Structures are given as C-alpha cells and as structure tokens.
Amino acid sequence: MQPTAYLKRDGAELPPPNLDEPRYILAANGLFVERRSEIFTTSARVYTHDLSLDDHAESCRLHCPKLPRAMTRLMLGFFKIANAVHGGEVALVLLYEPERRVYRWHCPDQTVEQYYSSYRKEWIADDTIRFENPLELPEGFIHFGDAHLHHGAPTPSSLDMLDDQDGMHIIVGEIDSRPRYNVDFVIDRRRFRIAPESFFEDVNCTPFEKVPRPWIDCVHTKRRTQSNTDWGNNGWNYDPWKPGKSSHGRW
Ligand SMILES: [Zn+2]
C-alpha cells in the first residue's frame, strides 16, 4: 500500500498517525516520514533521493479552443490603428466563457505615456501601456488574459515578466510588416511558452481595416513632464488631452 502524504498547512493540526501505517508529511522545512508502532511514534526528516522516486516534469496542455481567426484580425486591426493614432503600445483584455467555449475581447480604458524628445522636437510614445482589468464581467465569462502590442520584436519585457498574473498573455510585434506573436500561459508563478500555432486558429491572418470606434476612444495619452516623472498622483492627474484619468491599473 502506498503511504499517505499530508501537506502541513499553516497552523493546521494533523491527526496522529495510524498504527503501523507510515505516512509522509510535506512541510515548509522539508519532507518527513512518520511512524507509529506499539513501541514508538516518530517523525524523521527524509530526503527525496532516499525514496527511489522517479522524476516529474513541468508541463502545460491547454484544453480551451484556439482563438478564432476573426478575433485575431480584430485584435491586429485595433493594434495597428491605435498605434498609428497614438504611436505607442496598446492592449486588449481577453475574456472566455467556459460553458460555450467562446472568447470575447474587452477594450479597457488605457493610457499611453509620451515624453518630449528634444532631438526630434516632438512628443513620443513610451514603450508601456497602462490599463485596468474589467471590474465586472459579462455573465458566464472569466478573465482569461490579455494581449498587447510591442514595437519591434514580441519579446516579453522584464516589466511584463513581473506584471503578468495567472492567465494567457499575448504579445504582438512588428504590426506594420508581418505580425509575430509571443504567447505565454502563466500559472502558479510559472510562465509556459505556447507555440502561437497551437493557440491562434490562423497565425498568418491580416488585420481588419476597421475596428469599433469606441475602442479607439479608450486609448488616452499622457505627457510626462518634470512635475510628473515620479509617477505620483500629481503625475497621473495631469493629462493635457484627457484630464482626470485614474492612476490604477497595470504596466
Ligand atoms: Zn510588453
């Protein structure tokens, strides 16, 4: 019979071991084997190399459907148009309804930051996008992940790595030539790389030429000035084009 294994949870009391039934305890400070006989009860630390165990590997297999071609085209169209208007990054939130196995895009209010280039003598968009996840979701939908645009290659930045919560994270690069993708599924602090072909129904599709107008209106700009470079509330309250935007969200 296989010995039972217990997790020693914070503050939880475990029942005493059964007579002549060794068991394992996995605790914050290691693995222990516990035994109780007519003569003794013991708890001894053990090391996994003493247990003749086989190796186990990390893995990730998705059971959700691929992202439909039309949704990919819509995302690309929005990224391309918004980028042409604001010159910066842009993002969408991906929702999923498990029961019907369908996806939906949610366009969040988002802010592109601009800084003044004295060399080019104009305001230039920074390589970051700030947006909020929806507080309320359509009935039956869950928050599944997000997609955002990068200038150049779709490689996750160190900020993306720090910031990404559990879920699917899509980065699109080179939107003006042939779009390329980076797809990561993050769970339990592990970032699993997903081959774009296994998530997109069509990795070669082209952007739609039109996207919903309200989506474009969701993208705001904010100019970084001497007075708001510390990202304090003063900074985020200053927006010469769309005053009063929230400072909450994600980088
Ligand atoms: Zn990024």
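Just so you know, these numbers come straight off a predicted model, no measurement behind them.

### So, the pattern of salt bridges
This structure, assessed with the given rule, holds twelve salt bridges. With a closest N to O distance of 2.7 Å, Glu-34 and Arg-23 form a salt bridge. Note that Glu-34 is positioned in strand E3 (residues 30–36) and Arg-23 in strand E2 (residues 23–27), a separation of eleven residues in sequence. The pair Glu-34 / Arg-23 is uniform in exposure class, with both members buried. Note that Lys-222 and Glu-113 form a salt bridge whose closest N and O atoms lie 3.5 Å from each other. In this pair, Lys-222 sits in strand E13 (residues 219–223) while Glu-113 sits in strand E7 (residues 110–117), placing the two residues 109 residues apart along the sequence. Note on accessibility: Lys-222 and Glu-113 belong to one class, buried. One connected set of salt bridges, linked through shared partners, spans Asp-164, Asp-184, Arg-191 and Arg-193.

### Quick notes on unusual backbone geometry
Although it is not a glycine, Glu-174 sits at a positive phi angle of roughly 50 degrees. Following the sequence through the fold, Glu-174 ends up in the loop between strand E10 (167–173) and strand E11 (180–187). For Glu-174, a relative accessible area of 28% gives the class partly exposed. Even without being a glycine, Arg-189 presents a positive backbone phi close to 65 degrees.

### Focus on the coordination of the zinc ion
Of the protein atoms, only His-148 (NE2), His-150 (NE2), Asp-160 (OD) and Asp-160 (OD) coordinate the zinc ion, at distances of 2.0 to 2.6 Å. Note that the zinc ion binds four donor atoms; their angles at the metal cover 54 to 153 degrees, and the shape is irregular. In primary sequence terms, the donor set of the zinc ion follows H-x1-H-x9-D. Taken together, the residues His-150 in the loop between strand E9 (142–149) and helix H2 (158–163) and Asp-160 in helix H2 connect sequence positions ten residues apart. Note on His-150: relative accessible area 9%, which makes it buried. According to the relative accessible area criterion, Asp-160 is buried, its value standing at 5%.

### Quick notes on the nonpolar core
Note on soluble globular proteins: their nonpolar side chains tend to be buried together. Residues Met-75, Phe-78, Phe-79, Trp-105, Ile-170 and Phe-199 are the most contacted members of the largest nonpolar core, which totals 43 residues. Only helix H1 (69–86), strand E5 (91–97), strand E6 (102–106), strand E8 (122–131), E9, E10, E11 and helix H4 (213–217) provide two or more residues apiece to this core. Apart from the residues within four sequence positions on either side, Met-75 is in contact with Leu-92, Trp-105, Ala-147, Val-172, Tyr-181 and Phe-200.

### A look at the sheet that holds strand E1 (residues 4–7)
As summarised here, the arrangement of the four strands in space is E1-E2-E3-E4, forming an open sheet in which the pairing is mixed. Bordering the open sheet on either side are E1 and strand E4 (41–46), each of which pairs with just one other strand. Between one strand axis and the next, the sheet turns by 25 degrees as a mean value, whatever way the strands run. Relative to E3, E2 is paired through five bridges, and the arrangement is antiparallel. Across the sheet, Ala-27 pairs through a bridge with Gly-30, a residue of E3.

### A closer look at the side chain of Ser-117
Tracing the chain through its elements places Ser-117 in strand E7. Since its relative accessible area comes to 10%, Ser-117 is described here as buried. A polar atom in the side chain of Ser-117 sits 2.9 Å from the backbone nitrogen of Arg-120. Sequence-distant contacts of Ser-117, defined by excluding residues within four places in its chain, comprise Glu-122 and Ile-124.

What counts, and at which threshold
Residues numbered from 1 in each chain as written. Predicted model: local features only at pLDDT ≥ 70, side-chain atom pairs only at ≥ 80, totals over all residues. Heavy atoms only, no water. Salt bridge = Lys/Arg side-chain N within 4 Å of Asp/Glu carboxyl O. Helix = DSSP H or I, 4+ residues; strand = E, 2+ residues; numbered from the N terminus. Buried < 20%, exposed > 50% of the residue type's maximum accessible area, 1.4 Å probe, protein only. Donors = N, O, S within 2.8 Å, 3.2 Å for Na, K, Ca; no water. Tetrahedral: all angles 85-135°; square planar, octahedral: opposite > 155°, others 65-115°. Core = buried A, V, L, I, M, F, W, Y, C linked by side-chain atoms within 4.5 Å. Contact = heavy atoms within 4.5 Å. Pairing = 2+ DSSP bridges. Axes fitted to C-alpha atoms, helices over the stretch in contact; angles between N-to-C directions. Polar contact = N/O pair within 3.5 Å; in protein donor to acceptor, adjacent residues only side chain to side chain.

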